[in-house]
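# Topology and contacts: notes
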Amino acid sequence: MARRSKQDPYDHLPKEDDAPPAPVPCWLCGRPTGKTIVWHHPVPKSRGGRDVVPMHPICQQTLIANFTNSELERNGMDVAALLDRPNVRKFVDWVAKKDPDFTATITKKQR
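Below is a summary of the structure that appears in this document. What you are looking at is a predicted structure, and each value in this text was computed from that prediction instead of being measured. (Residues numbered from 1 in each chain as written. Predicted model: local features only at pLDDT ≥ 70, side-chain atom pairs only at ≥ 80, totals over all residues. Heavy atoms only, no water.)

## Digging into the overall build of the protein
- Within the protein, the regular secondary structure consists of 4 helices and 2 strands.
- Out of the 111 residues in the protein, the part that is buried amounts to 30%.
- Counted over contacts in the protein with a minimum sequence separation of 6, partners at least 24 positions apart contribute 55%.
- Split by element, the accessible area of the protein, about 8200 Å² in all, is 53% carbon and sulfur. (Helix = DSSP H or I, 4+ residues; strand = E, 2+ residues; numbered from the N terminus. Buried < 20%, exposed > 50% of the residue type's maximum accessible area, 1.4 Å probe, protein only. Contact = heavy atoms within 4.5 Å. Areas by Shrake-Rupley, 256 points an atom, 1.4 Å probe, with all protein chains shown as cover.)

Written as structure tokens, this is what we have:
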């Protein structure tokens, strides 16, 4: 007969009763993030930005398509200033009803 170990060999695995962590909200649209989270620098690294915020990939692509690095640097962490641009506001209103893992092709830069 085999000996039993005093330590549980499966203690490193998640327990069934452990709830998954709550999804963090997207910095731009406010929806909960899905499986893929992009950690975006609101102020570009090339402009001295150090802070990162969670975003959906599609939301980050929208920012990149609608703003230059200089514009992002001027706006900093102010989401309201970014949402003042009609293209971004239209996008956020459109994506609000989509699944957190929704993805689509973004149009080319509209600067």
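On we go from here.
## Focus on the packing of helix α1 (residues 57-66) against helix α4 (residues 86-95)
- Axis separation between α1 and α4 bottoms out at 10 Å; the angle between their running directions is 165 degrees. The orientation of α1 relative to α4 falls into the category roughly antiparallel. Handedness of the crossing formed by α1 with α4: right-handed. The segment α1 lies against α4, with Ile58, Cys59, Thr62 and Asn66 engaging Asn87, Val88, Phe91 and Trp94. (Axes fitted to C-alpha atoms, helices over the stretch in contact; angles between N-to-C directions. Parallel < 35°, antiparallel > 145°, perpendicular 65-115°, else oblique. Left-handed = near helix turned anticlockwise from the far one by under 90°.)

## Quick notes on the pattern of salt bridges
- Under the defined criterion, the tally for this structure stands at 3 salt bridges.
- The partner of Glu73 in a salt bridge is Arg47, with the nearest N and O atoms 3.5 Å apart. A residue pair is termed long-range when its members are at least 10 positions apart, and Glu73 in helix α2 (residues 69-75) and Arg47 in the loop between β1 (38-40) and β2 (53-55) qualify at 26 residues.
- Using a relative accessible area of 37% as the deciding quantity, one classes Arg47 as partly exposed.
- With its nearest N and O atoms 3.4 Å apart, the salt bridge here joins Arg89 to Asp93. Here the residue Arg89 and the residue Asp93 both occupy positions in helix α4, the gap between them amounting to 4 residues, near one helical turn.
- Exposure remark for Asp93: the relative accessible area of 41% places this residue in the partly exposed category. (Salt bridge = Lys/Arg side-chain N within 4 Å of Asp/Glu carboxyl O.)

## Examining the packing of aromatic side chains
- In total, this model carries 2 aromatic pairs according to the counting rule given.
- Judged by centre distance (6.1 Å) and plane angle (50 degrees), the ring pair of Phe91 and Trp94 falls under tilted. Of the two residues, Phe91 and Trp94 are both situated in helix α4; the distance of 3 residues between them amounts to about one turn of the helix.
- Of the residues examined, Trp94 reaches a relative accessible area of 40% and is grouped as partly exposed.
- Ring pairing ties together the aromatic residues Phe91, Trp94 and Phe102, which thus form one cluster.
- Sitting above the plane of the Phe102 ring, Lys98 keeps its charged end 5.3 Å from the centroid. (Phe/Tyr/Trp six-rings, centres within 6.5 Å; stacked < 30°, edge-to-face > 60°. Lys NZ or Arg CZ within 6 Å of the ring centre and 35° of its normal.)

## A few points about the nonpolar core
- Counting 18 residues, the largest nonpolar core has Trp27, Leu28, Met55, Cys59, Leu63 and Val92 as its most contacted members.
- Going through the elements one at a time, β2, α1, α3 (79-83) and α4 are the ones with two or more residues in this core.
- If one sorts the elements of this core by residue count, α4 sits on top with 4 residues.
- Not counting the four nearest positions on each side in its chain, Cys59 is found in contact with Cys26, Leu28, Cys29, Arg31 and Phe91. (Core = buried A, V, L, I, M, F, W, Y, C linked by side-chain atoms within 4.5 Å.)

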